[in-house]
Every structure is written in C-alpha cells, then in structure tokens.
Amino acid sequence: MTTSRVPHPILAENLVRTFGSGDDAVRAVDGVDLQVEAGEIFGFLGPNGAGKSTTVRMLTTLLRPTSGTAKVAGWDVSTEADKVRRSIGVALQDAAIDPLMTGTELLRLQAVLYGLPRNIHATRAGELLERVGLTAAGDRRVGTYSGGMRRRLDLALSLIHEPSVLFLDEPTTGLDPMSRKSLWEEIRRLNDDGTTVLLTTQYLEEADQLADRIAIIDNGRIVSQGSPADLKAEVGSPTLLISVDPTHLAAAREILTHFGEARPTAEGTLGVGLVDGASGVSAVIRRLDEASIPVIHLELNEPSLDDVFAEATGHRLEGAEK
Amino acid sequence: MNTDPTLTLTAPQDLRSSPWAQTSALSVRSMIALWRQPATVIPSMIFPLFFVALGTSSFSRAINLPGFPVVDSFLNFALAGAIVQGVLFGSITGAAALATDIENGFFDRLLVAPTARSSILFGRLAGAMAFGAFQTAFFIAVLLPFGLGIKSGPIGVAVMILGGTMTALGVGAIMSAMALRTGSSEAVQGSFPLLFIMLFFSSAFFPRQTMSGIYGTLANLNPVSYLIEGFRDLTIDGLTTWAVVRALGFSALLAAIGMGLSLRSLRIRLGRQ
C-alpha cells in the first residue's frame, strides 16, 4: 500500500451544491468550509435537510460540487475521484445492504470491488465480522438482521480496505440505545487505531460524546465550529427554562429580561441565559412571586450543544435528543 | 482523539481490481438474487410452458391451415414463442433489481467504491444472460419428453441457447436503460403489459402468413416476430445458414441496441450526480 502524510484528510473550501435551476434552484450547501485534522472524530451536526448528507455526498464523490473545492486524503474530489474512493470508507444513511446476501458474501464482494488479493478475502471478512460482533450471523442473509446488526455490517463493509478516512452518515439513526452505544464504542476504537472519522448526526448527545470537534450546519451553512467544550463555553451562562400560565407569559418574559438575554425555547416556555448562573435563580423566583406569577416548571441547564445551536441559528435543533 | 497531527494515512492506491473481476462478482450477486427469490423468476418459467400446453392441446389441428409452415406438431411450432416469451418476461426481473438498487442506495454503495461504472451494468446483464441461457435450455429440456423435435439437432440447440442468451442481454439492457433513467422498480415492472402486447402482436402464437388486417400488419412490423422466427426455423427447418443468421442476427442486433441505450442511460444517471 502507498502511504502519504496529510495533516488535513478532509479539506473543503466554499463548497456549494445547487439543485434545480432558475427560480426553482435550491442551494442545499451554501459555501461550506471544513478543515478536519488527521486522527480526529469530526461531528457534522444539524437538523434534517440542513445539508449534512449533501456535503458528505460531495466529499465521497457521489455528487459533483456546483462550485468550490474539496480534498479528501489529499486527493481532489472532482478531478481525482477514483483515488478518493480508494482512500475512504463510507457508510451511508439507511445502511443500504442487499437483504438477499449474507454478511460474508457482501464482505467478499466488497473485497473484490476494492481489489484485495483473493487469498485474503475470507480472512478479512472473518476479521471484520468478528470486529463488529457478527461472526455468528455471518452466514445468515442480511434480510434477517436487526437494524443494529445492519449498521454494524455496514461499518464492517466500509472498513474492508482499511481506509484512513471514514465517513459515517447518521450511523445510529433509528437504533435503540444499546445498539447506538455499541456502535459508538466501535467508532472510538477505530479512531484510536488512527482512522479519521467524519460523522453526521442530528443527535446532540452523539456529537457531544463522540466528536473532538463539531461543525453545526443549518440551511446549508456552517454556523458554528469548534470543540464541544469550547462551543459550550462560548454560550457562557446556563439557561433557565421557566413555564408559567399562558396568561402570565408576557409579564414573565418582561421580568426575565432583567436577569439575562432571552434564549430560544420550545413554545410556551421562556428561556433566559442567567448572567449570575445558579445563584441568580432565587432572585428570579422572588421577582415572579412578587408579580404574583405562579411558576409551573423551572429548570436550570448548563450550556448544551442545543444552546450552542440555538445561539447560532435562533432556533432549537428540531427532533434532536438532549 | 488520536493526537498525532500528521498521522500517516494509508491510502490503498496500489490495490487494483480488474473490471472483469468486478463484473464477475456482481454477476454472481445478480444470480444469487434470482436463485434466492424463486417467486420472481418462476412466473417467467411457468407461463410460457402454460401457453405451450394450452396451444398444443387446443390448436393442434391449426398446423393444417393454409400458410402454416410444414411442421410435425404444434409443440415444435410453439417452442420458439415460449423461449422468447420467457426471456422477455425474465428480463424484467434483473432490471427491476437494478432499479431497486438505485432506490435503496446499494447503487450508491457501488459508486462510492472504486467500481468500474460499466461493471455495475455488465454485472447485472451477465446475470440476465445466464438466466436467459438457463431458460432456453430449461424449455427445451422440459418439452423434449412431450414430443418436441428439433431438426437442427444439438448444434441447433446450442445456437438457440446462444440466441436466448443474446436476447436476454438485449431485452435486459433495454429494461436496464429504463431502470437507470427512472430509478424506479415500479416503472420497470410497469413495462410488463407493453412486453405482453409486443408478444401478442407477433408470430409467437401463430405464423404471420395466417394473419390478416391490422393484426398481420403489426406482426409484420414487430421485431419480436423475426426474433421468434429465427428460433422457429432452427426447430422446424433444420440447421440452415438463414436460420442461424435469423436466430443470432436479430438477437445480436437487439443486444447492440440495448447495450447502446443502457450505456447512454448510465452516463446520463452518473452525469446527474
């Protein structure tokens, strides 16, 4: 195998992808810049339709960028697509796996597609099945696999040629918590072995748990980028969430403005970034009490990625798990 | 996080898979799918035999009609129609599977790997060809004990199997072009009535010489008629140059047209991405 030293295995500059033309044109990705460091797990966080998958499809050569440039593993995705494909592993959304074939058969097919020497096909397939805990199910048709098993097989398929860069597009969407955690562990192990991982997700916890750095994307634009800790630190103060009777909503909102900046929340709830932190809660309650506004529910949250998202976009991450 | 800022990236650039090996592996996959989904292929094996049985039992005296070719039995006449009917219907299965690959994302999995783009199509078509060869041999083998006689002998049978294989390639390629254009298995399966109409307005069930009016005109214009007659000549006339040319020539022409269309559709689909 040839080797190369690339400090930034994923680099994108002003990446744009437009669908349609004229008045109907939709700018799904609108000037994305990315600089993923070698050996990191990079999280791409955003709601459905934000442009995550379109960006990944461009970086993995499945879509041509409308404009802008991108290099993956040092190769240009537009002009050196074949070299990019040989360097990367990709697990796309929905784990598109032929249900009529067995796990072993699919791995061996993948080995042929990537040109692995024939004499190692069986060994490599066995190793990967063992790695993802599917040895016992290797000779079963994929149609009989659970969602979690399919995802793990999908991951194994993406690793057949020991790629240096791995793209995982929403790898745990639809999985139960146990399967999700098991996949997280495998992704961490891969990263420990030196694989650079770009992972898209709409789960805040997933991004928080796995990613060394995160880019938050909304409406095709990256609105914030950094390590989860740094991004949360930028938000600063914790968020106080308060529910009051709807008739008192306006009055309560006015009172809260004295304690910090309003923060976006779900409808019917008020949110404020408490400048004084936890020590400011009693003062808020006192003022609401003086105004005869009964508090139905009160919650103080340390800054989360959801707050980061809300700060950057003005709305909460829809459908995201906190 | 692995903290080495300039981690050595292993780029398996020296791994090379030949398009032939990829096509071969993908054709095996295509055949596995047929084998493991008997419900999708059995109709294309059973219906032609049903039509042969129906025709032989009901129209046995039709061979005495003026214009009917000199033939020992209606069964000998009907074989060619059964082969082409089976191959036409069978070709839908492979193309629908290609469309399903597009729908469910397996096509993207192949594209994101260093797979030769033509191998994706040829792998699917190689599976269709193998099935076409099998169908042709199957119909002959099943009908032989019921009195089928093939005047061109074993060589003629081999030519018919080759013709069936090329017909499967041609029709499979045309159907694959539709699959690549639409990306919809429903659209591909929706072509079944069209294929049936083409078969119905051909010489599959009766010779063109016995037809008249619009039916005869359409059968004369229908390329399926000429495809069938090539196979029929081998069955009832023997191993003549004209019979071989008709059996292989029309199927080769169909294959060439189909391949052209499907490769163009593949280019268009890849260009859209």
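Procedures and definitions
Residues numbered from 1 in each chain as written. Chains lettered and ligands numbered in written order. Predicted model: local features only at pLDDT ≥ 70, side-chain atom pairs only at ≥ 80, totals over all residues. Heavy atoms only, no water. Helix = DSSP H or I, 4+ residues; strand = E, 2+ residues; numbered from the N terminus. Buried < 20%, exposed > 50% of the residue type's maximum accessible area, 1.4 Å probe, protein only. Contact = heavy atoms within 4.5 Å. Areas by Shrake-Rupley, 256 points an atom, 1.4 Å probe, with all protein chains shown as cover. Lys, Arg positive; Asp, Glu negative; His and termini not counted. Charge placed at Lys NZ, Arg CZ, Asp CG, Glu CD. pLDDT = per-residue confidence, 0-100. Polar contact = N/O pair within 3.5 Å; in protein donor to acceptor, adjacent residues only side chain to side chain. Salt bridge = Lys/Arg side-chain N within 4 Å of Asp/Glu carboxyl O. Core = buried A, V, L, I, M, F, W, Y, C linked by side-chain atoms within 4.5 Å. Pairing = 2+ DSSP bridges. Axes fitted to C-alpha atoms, helices over the stretch in contact; angles between N-to-C directions. Parallel < 35°, antiparallel > 145°, perpendicular 65-115°, else oblique. Left-handed = near helix turned anticlockwise from the far one by under 90°. Nonpolar A, V, L, I, M, F, W, Y, C, P; charged D, E, K, R; others polar. Phe/Tyr/Trp six-rings, centres within 6.5 Å; stacked < 30°, edge-to-face > 60°. Lys NZ or Arg CZ within 6 Å of the ring centre and 35° of its normal.

**Things to note about the overall build of chain A**
Piece 1. Per the secondary structure count, chain A includes 11 helices and 15 strands.
Piece 2. In terms of overall dimensions, chain A has C-alpha extents of about 80 × 45 × 40 Å along its principal axes.
Piece 3. Looking at chain A residue by residue over its 322 residues, the buried ones come to 56%.
Piece 4. For chain A, the share of sequence-separated contacts (at least 6 apart) that also reach a separation of at least 24 residues comes to 70%.
Piece 5. Carbon and sulfur atoms make up 48% of the accessible area of chain A, which totals about 13,600 Å².
Piece 6. Positive and negative side-chain charges in chain A, numbering 32 and 46 respectively, have mean positions lying 7 Å apart.

**Things to note about the overall build of chain B**
Piece 1. Along its length, chain B carries 11 helices and one strand.
Piece 2. Going from the N terminus to the C terminus, chain B shows its helices and strands as β-α-α-α-α-α-α-α-α-α-α-α.
Piece 3. For the C-alpha atoms alone, the extent of chain B along its principal axes is close to 90 × 35 × 35 Å.
Piece 4. Among the 273 residues that make up chain B, the fraction classed as buried is 55%.
Piece 5. The long-range share in chain B, meaning contacts at least 24 apart out of those at least 6 apart in sequence, stands at 79%.
Piece 6. Here chain B has roughly 11,400 Å² of accessible surface; of this, 70% comes from carbon and sulfur atoms.
Piece 7. Averaging the coordinates of the 16 positive side-chain charges in chain B and doing the same for the 10 negative ones gives two points 4 Å apart.

**A few points about the confidence of the model for chain B**
Residue and element names in this part refer to chain B.
Piece 1. Here chain B averages 88 in pLDDT, while 95% of its residues score no lower than 70.
Piece 2. Ranking the elements of chain B by mean pLDDT puts strand β1 (residues 8-11) last, at 40, and helix α6 (residues 153-182) first, at 95.
Piece 3. Predicted confidence is poor over residues 2-11, with pLDDT under 50, and the contacts of this stretch with residues over four places away or in other chains come to 35 contacts.
Piece 4. Reported for the predicted complex are a pTM of 0.83 and an ipTM of 0.85.

**Side note on the side chain of Asn222(B)**
Residue and element names in this part refer to chain B.
Piece 1. Note that Asn 222 resides in the loop between α9 (213-221) and α10 (223-236).
Piece 2. For Asn 222, a relative accessible area of 8% puts it in the buried group.
Piece 3. Engagement of the side chain of Asn 222 in a polar contact is seen with the backbone oxygen of Met 198, the distance being 2.5 Å.
Piece 4. Looking at Asn 222, its side chain comes within polar contact range of the main-chain oxygen of Phe 201, at 2.8 Å.
Piece 5. The residues touching Asn 222, leaving out its near neighbours within four places in the chain, are Met 198, Phe 201 and Ser 202.

**What to know about helix α11 (residues 305-313) of chain A**
Residues and elements named next belong to chain A.
Piece 1. Most of α11 is tucked away: seven of the nine residues are buried.
Piece 2. The complete set of buried residues in α11 reads Leu 305, Asp 306, Asp 307, Val 308, Phe 309, Ala 310 and Thr 313.
Piece 3. Those residues of α11 that are buried are in contact with β4 (41-45), α7 (204-210), β10 (213-218), β11 (221-226), α8 (228-235) and β12 (239-244).
Piece 4. Put simply, Ser 304 is the residue that caps the front of α11, since its side-chain oxygen is 3.2 Å from the backbone nitrogen of Asp 306.
Piece 5. After α11 finishes, the residue Gly 314 shows a positive phi value of roughly 85°.

**Some remarks on the pattern of salt bridges**
Piece 1. Inspection of the entire model under this criterion finds 20 salt bridges over all chains.
Piece 2. The salt bridge involving Arg27(A) is made with Asp30(A); its shortest N-O contact spans 2.5 Å.
Piece 3. For Asp30(A), a relative accessible area of 14% translates into the label buried.
Piece 4. Among the salt bridges present, the one from Arg124(B) reaches Asp101(B), with a minimum N-O distance of 2.9 Å.

**Digging into the nonpolar core**
Piece 1. If you look at the biggest cluster of nonpolar residues, it comprises 134 residues, and the most contacted ones within it are Leu59(A), Leu153(A), Phe167(A) and Leu198(A).
Piece 2. Counting residues per element, this core draws most heavily on helix α3 (residues 74-104) of chain B, at 18 residues.
Piece 3. Ranked by size, the runner-up nonpolar core spans 15 residues in total, among them Ala252(A), Phe259(A), Leu274(A) and Val281(A).

**A short note on the environment of Phe47(B)**
All names here are of chain B.
Piece 1. Inspection of the secondary structure puts Phe 47 in helix α2 (residues 38-58).
Piece 2. When its relative accessible area of 44% is taken as the criterion, Phe 47 is described as partly exposed.
Piece 3. Taking the C-alpha atoms as reference points, Phe 47 and Phe 106, 59 residues apart in sequence, are found 31 Å from one another.

**Here's the deal with the environment of Leu240(A)**
Residues and elements named next belong to chain A.
Piece 1. Positionally, Leu 240 belongs in strand β12.
Piece 2. For Leu 240, a relative accessible area of 0% gives the class buried.
Piece 3. Sequence separation of Leu 240 and Arg 263 is 23 residues, and the distance between their C-alpha atoms is 8.9 Å.

**As for the sheet that holds strand β8 (residues 165-169) of chain A**
Residues and elements named next belong to chain A.
Piece 1. The sheet built from six strands is open, its strands ordered β7-β8-β9-β4-β10-β11 with mixed pairing. With one partner strand each, in any of the chains shown, β7 (88-91) and β11 form the two edges of the open sheet. Taking each pair of neighbouring strands and ignoring which way they run, the sheet shows an average axis angle of 15°.
Piece 2. Here β10 runs beside β11; their pairing, made up of five bridges, is antiparallel. Following the sheet pairing, Ile 217 is matched in β11 by Ile 222.
Piece 3. Sitting on the sheet, helix α1 (residues 52-59) is in contact with β4, β8, β9 (196-201) and β10, with an inclination near 150° to β9.
Piece 4. Across the sheet, α8 lies against β10 and β11, angled at about 100° from β11, the strand it touches most.

**Comments concerning the packing of helix α1 (residues 19-36) of chain B against helix α5 (residues 117-143) of chain B**
How two helices pack is summed up by the angle between their axes together with the distance between the axes.
Residue and element names in this part refer to chain B.
Piece 1. Running from amino to carboxyl end, α1 crosses α5 at an angle of 50°, the nearest separation of the two axes being 7 Å. Considering the angle they form, α1 stands oblique to α5. Of the two possible hands of crossing, α1 and α5 adopt the one that is right-handed. Mapping the contact onto sequence places Pro 19, Gln 22, Thr 23, Leu 26, Ser 27, Arg 29, Ser 30, Met 31 and Leu 34 in α1 and Ser 119, Ile 120, Phe 122, Gly 123, Arg 124, Ala 126, Gly 127, Ala 128, Ala 130 and Phe 131 in α5.
Piece 2. For the contact of α1 with α5, the residue count by class is 10 nonpolar, seven polar and two charged.

**Remarks on the packing of aromatic side chains**
Residue and element names in this part refer to chain B.
Piece 1. For the structure shown, the criterion picks out 18 aromatic pairs over all chains.
Piece 2. With a centroid separation of 5.9 Å and an interplanar angle of 75°, the aromatic rings of Phe 50 and Phe 51 are classed as edge-to-face.
Piece 3. By relative accessible area, Phe 50 is classed as partly exposed at 48%.
Piece 4. Here Phe 59 and Phe 74 contribute two aromatic rings whose centre-to-centre distance is 6.1 Å and whose plane-to-plane angle is 55°, an arrangement assigned as tilted. Here Phe 59, found in the loop between α2 and α3, pairs with Phe 74, found in helix α3; they are 15 residues apart in sequence, far enough to count as distant.
Piece 5. By relative accessible area, which is 36% here, Phe 59 ends up partly exposed.
Piece 6. Taking the ring centre of Phe 106 as reference, the NZ or CZ of Arg 29 above it sits at 4.0 Å.

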